[in-house]
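Chain by chain, the residues:
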Amino acid sequence: MKKISTTPFQGQKPGTSGLRKTVSIFTQAHYLENFVQAIFDSVPALKDGVIILGGDGRYYNDIAIQTILRMAAANGAARVMVGKNGILSTPAISALIRKHKAAGGIILSASHNPGGINGDFGIKFNSANGGPAAEIITDKIYARTQNITQYFSLDTLPIDLTKCGFSNMSSMDIEIIDSTAHYSEMMEGLFDFDAISGLFNAGLSLCFDAMHAVTGPYALDIFARLGASKDSLINAVPLPDFGGGHPDPNPVYAAELFTRMFAPNGPDFGAASDGDGDRNIVLGRDIYVSPSDSIAVLAANAHLVPAYKDGLKGLARSMPTSRALDKVAEKLAIPCYETPTGWKFFGNLLDAGRITLCGEESAGASSNHIREKDGLWAVLMWLNIMAAREQSVSRILQDHWQTYGRHYYSRHDYEAVETQKAKTVMQKLESLLPALPEQIFGTETVLSADNFAYTDPIDKSVSKNQGLRVIFKSGSRFVMRLSGTGTVGATLRLYLERYEPASGDLSQDVQAALSGIISAADEITGFKTIIERSAPSTIS
Ligand code: G1P
Ligand code: ZN
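Residue numbers run consecutively from 1 along every chain, following the written order of its sequence. Chain A is the first chain written and ligand 1 is the first ligand written, with later ones labelled in order. Restriction of local features to residues with pLDDT of at least 70 applies here, the model being predicted, together with a cutoff of 80 or more for giving and counting side-chain atom pairs; totals for whole chains, interfaces and linings are based on all residues. Based on all heavy atoms of the structure, the side-chain values leave hydrogens and waters out of the count.

Caption draft 1: Summary view of the pattern of salt bridges. A carboxyl oxygen of Asp or Glu within 4 Å of a side-chain nitrogen of Lys or Arg is what we treat as a salt bridge. For the structure on display, the rule yields 32 salt bridges. Notably, a salt bridge pairs D276 with K124, separated by 3.0 Å at the nearest N-O pair. Highlighted residues: D276 in the loop between β12 (269-272) and β13 (281-284) and K124 in strand β6 (residues 120-126), separated in sequence by 152 residues. Here the two residues D276 and K124 agree in accessibility, since each one is buried. In this structure, R371 engages D351 in a salt bridge whose closest nitrogen and oxygen atoms are separated by 2.6 Å. Remark: D351 occurs in helix α12 (residues 347-351) and R371 occurs in the loop between β18 (364-367) and α13 (375-389); sequence separation between them is 20 residues. Connected through shared salt-bridge partners, R317, R323, D326, E338, D450, R469, R477 and E497 make up one network. Secondary structure elements are defined from DSSP: runs of H or I of at least 4 residues count as helices, runs of E of at least 2 residues count as strands, and each element is numbered from the N terminus. Throughout, exposure labels follow a simple rule: accessible area from a 1.4 Å probe, protein chains only, divided by the maximum for the residue type, with under 20% read as buried, over 50% as exposed, and the rest as partly exposed.

Take a look at the structure:
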């Protein structure tokens, strides 16, 4: 065992989803090692415990895995289970932690951020429940990175990750496992695979865009089991730089999928996932399902899926996610919790059995089957519901709006903004909040305005500063917050929402329907002048 002296790096504070930085930062000597040692020092159960290890295959994945294996052995872990070739999706790791009662999991991914040598890298720690470590743990890890003086490693040869099987490093056992088998079996247990196969036998055409990211092998295995034709999958081979693209399933970065779905005679069903396989988007022929609507549709129809046939205990969404889900909860007479942005906040509610399904506007949805969002799970939910209802995506969505009304929704992202300017926008809006109620902007009158804080109903922990929200009397609202996952400057997110009752006009253009709220946000905050931008970088 080697004891290596080191000094702290500034800024190793995990964000919304782990530590994310550019590859150039991560590859500095001792940078990864310091963070990994901080995890071992902060989670004593990892010593003598089982750890699940894998990543989305991006640049530096393979090197980081060897580093972590050596450090795990030197820190006394009993056993590490690694995905073949170092590949495991985020939902697959969550499932494996739970199956093997592991002490935790280490996920190497920067999710939807670009990869390659000039892209981003990331590392997330998931706890024994399979979910992202709670803030109390990530705070501890961060504190440790700030006073670290040494880390432990071994002098040993790299492990061959290309073949499944057993080996060892010092006294630690290593098992290289099939990356997809357990995940696919879990999906078979949740869904009616025969009914979904029936859709493909009857001629349903599919286009699944794996964006050259981790879901490729998972989708290949699952869609083969379902009998979908092989050409249903595009960009299915994972690449260290994701083929030069952004593995973020939105209309901008999944343009190839959108073009196919909106072409004459396009496929009946389209979907995509992100870098590490936890996000999803769903499209029908000529129609895109906004992620907030998607979660609501899944909740409203979950009883048609074998795993949820006995009903749902409760629902939860992140605060900026549209309130379409709340309407479903109301009808089902079950609670709907509003949590801060980030999957970690759903963990306690899921563990306590208070909720069955949850989701975020950022293309994340999942259930209590694991403790992460799950891209392919959401795709299979849609397919199972389509099979049970014998209806197209478009028909299901129209029916949903006609029952519950429609929440017009969009997110405008201003990326790589100068950090100080973005902070000024937030400070200015926060200072304006108390005086906003009753003020009129265009046709909207402010009802309430606040800085969202959350008290976890289970452990009573309080999370403050989770986004500034301005709610109008019409029920419309906008929310502003700064991203916790970006790596260049600051990303300012503006979330916009307007409710149209079922009796109203349900087929408006989304941006046009939101124009009044967009102007009100502009007028109230003056943010575009402050950040010197005239238009968003991305609209989703
Ligand atoms: C973004 C999303 C958030 C999601 C996170 C990790 O975080 O907005 O919903 O949980 O990525 O995938 P943000 O960059 O907004 O902090
Ligand atoms: Zn992701």
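Caption draft 2: How the structure looks around the packing of aromatic side chains. When the centres of two rings from Phe, Tyr and Trp lie within 6.5 Å, Trp using its six-membered ring, the rings pair. Their planes under 30 degrees apart give stacked, over 60 give edge-to-face, and anything left gives tilted. The tally for this structure, following the rule as stated, stands at 14 aromatic pairs. Arranged with centres 5.2 Å apart and planes meeting at 80 degrees, the rings of Y60 and F121 form a pair that is edge-to-face. Of this pair, Y60 sits in the loop between β3 (50-55) and α3 (61-74) while F121 sits in strand β6, and the two are 61 residues apart along the sequence. Given the relative accessible area of 12%, Y60 is considered buried. The rings of F9, F26, Y31, Y60 and F121 are connected pair by pair, giving a single aromatic cluster.

Caption draft 3: How the structure looks around the coordination of the zinc ion (ligand 2). Because no water is among the atoms considered, metal sites can look incomplete, with donors defined as N, O and S atoms within 2.8 Å of the metal, or 3.2 Å for Na, K and Ca. Here the zinc ion (ligand 2) is held by the protein donor atoms S111 (OG), D274 (OD), D276 (OD) and D278 (OD), which lie 2.0 to 2.1 Å from it. Relative to the metal, the four donor atoms surrounding the zinc ion (ligand 2) lie at angles of 87 to 163 degrees, and the coordination shape comes out irregular. Under the classification used here, a metal with four donors is tetrahedral if each angle lies between 85 and 135 degrees, square planar if opposite donors are over 155 degrees apart and the others between 65 and 115, a six-donor metal meeting that same test is octahedral, and anything else is irregular.

Caption draft 4: Region of interest: the sheet that holds β18. Pairing between strands is defined by DSSP: at least two bridges between the two strands are required. With respect to topology, four strands assemble into an open sheet ordered β16-β15-β17-β18, the strand pairing being mixed. Among the strands making up the open sheet, the edge pair consists of β16 (336-339) and β18. The sheet shows a mean angle of 15 degrees between the axes of neighbouring strands, direction not considered. We call two residues in contact when some of their heavy atoms are within 4.5 Å. Convention adopted: a line fitted to C-alpha atoms gives each axis, helices being fitted over their contacting stretch, and angles between N-to-C directions are expressed from 0 to 180 degrees. Sheet contacts for helix α11 (residues 324-332): β15 (315-318) and β16; angle to β15, the most-contacted strand, approximately 165 degrees.

Caption draft 5: Structural detail: the sheet that holds strand β5 (residues 104-108). With respect to topology, seven strands assemble into an open sheet ordered β2-β6-β5-β3-β4-β9-β8, the strand pairing being mixed. Two strands bound the open sheet, and with one partner strand each, they are β2 (19-22) and β8 (165-169). The average undirected angle you get between the axes of adjacent strands in this sheet is 20 degrees. Inspection of the sheet shows strand β4 (residues 79-87) paired to strand β9 (residues 172-177) by five bridges, in the parallel sense. Bridged to M81 within β9 is E175. Across the face of the sheet, helix α2 (residues 31-42) comes into contact with β2, β3 and β6 while running at roughly 10 degrees to β6. In the packing of α3 onto the sheet, the strands contacted are β3, β4, β5, β6, β8 and β9, and the crossing angle to β4 comes to about 170 degrees.

Caption draft 6: Spotlight on the site of ligand 1. For each residue, the test is whether any non-hydrogen atom lies within 4 Å of the molecule or strand; if one does, the residue is near. As a matter of local geometry, ligand 1 sits amid 16 residues, with T16, S362, G484, T485 and R493 nearest to it. For the purposes of these results, a polar contact is taken to be a pair of N or O atoms within 3.5 Å, where, inside protein, one atom must be able to donate a hydrogen and its partner to accept one; residues adjacent in sequence count only when each atom of the pair is a side-chain atom. R279 is positioned with one of its side-chain polar atoms (N or O) 3.0 Å from an oxygen atom of ligand 1. For ligand 1, an oxygen atom lies 2.5 Å from a polar atom in the side chain of T485. Accessible surface is estimated by sampling points in the Shrake-Rupley manner with a 1.4 Å probe; for residues, cover comes only from the protein chains shown. For ligand 1, whose free accessible area comes to 380 Å², the fraction covered by protein is 98%. Here the residues of the shell around ligand 1 sort into no nonpolar, nine polar and seven charged. Here the nonpolar group is Ala, Val, Leu, Ile, Met, Phe, Trp, Tyr, Cys and Pro; Asp, Glu, Lys and Arg are the charged ones; every other residue, Gly included, is treated as polar.

Caption draft 7: View of the nonpolar core. Ranked by internal contacts, the top residues of the largest apolar core, which has 76 residues, are M187, F191, F223, F269, W377 and L383. Once residues within four sequence positions are removed from consideration, W377 is found in contact with Y183, M187, L190, F191, L298, Y308, L357, A365, S366, S367 and H369. Formed by 45 residues, the second largest nonpolar core is a distinct cluster that contains L32, I51, I68 and V82. Think of a nonpolar core as a cluster: buried Ala, Val, Leu, Ile, Met, Phe, Trp, Tyr and Cys residues, connected wherever their side-chain atoms sit within 4.5 Å.

Caption draft 8: Just the packing of helix α10 (residues 291-301) against α13, in detail. Contact pair α10 / α13: the axes reach a minimum separation of 10 Å and the direction vectors enclose 50 degrees. When the interaxial angle is binned, α10 and α13 end up oblique. The interaxial crossing formed by α10 with α13 has left-handed handedness. Listed contacts from α13 to S294, V297, L298 and N301 of α10 are W377, A378, M381, W382, I385 and R389. Grouping the constituent residues of the contact of α10 with α13 by class yields seven nonpolar, two polar and one charged. Should an angle fall under 35 degrees it is taken as roughly parallel, and over 145 as roughly antiparallel, whereas 65 to 115 is taken as roughly perpendicular and any remaining angle as oblique. Definitions for this section: a left-handed crossing has its near helix turned counterclockwise from the far helix by less than a right angle. A right-handed crossing has that turn clockwise.

Caption draft 9: Examining the environment of I370 more closely. Here I370 is to be found in the loop between β18 and α13. The sequence separation of I370 and N129 amounts to 241 residues, and the corresponding C-alpha distance is 8.4 Å. When neighbours within four sequence positions are excluded, I370 is seen to be in contact with P91, S94, A95, R98, M186 and L350.

Caption draft 10: Focus on α13. Take the number of residues in a helix, subtract one, and multiply by 1.5 Å to get its expected span. Spanning 15 residues, α13 covers 22 Å between terminal C-alpha atoms, matching the ideal 21 Å at 1.5 Å per step. Counting buried positions over the 15 residues of α13 gives 13, a clear majority of the element. Downstream of α13 by a residue or two, E390 has a phi angle that is positive, lying close to 55 degrees.

Caption draft 11: How the structure looks around the pairing of β4. With five bridges joining them, β3 and β4 adopt parallel strand pairing. Following the sheet pairing, L53 is matched in β4 by V82. By convention, orient the strands away from the viewer: a clockwise path from the first strand over the helix to the second makes the crossover right-handed. Remark: the β3/α3/β4 crossover connection has right-handed handedness.

Caption draft 12: Region of the structure containing the packing of α13 against helix α14 (residues 393-404). Viewed as axis vectors pointing N to C, α13 and α14 meet at an angle of 85 degrees, and their least axial separation amounts to 10 Å. With respect to each other, α13 and α14 are oriented roughly perpendicular. Across the interface between the two elements, W382, I385, M386 and R389 of α13 pack against V393, I396 and D399 of α14. Counted by class, the contact of α13 with α14 contains five nonpolar, no polar and two charged residues.

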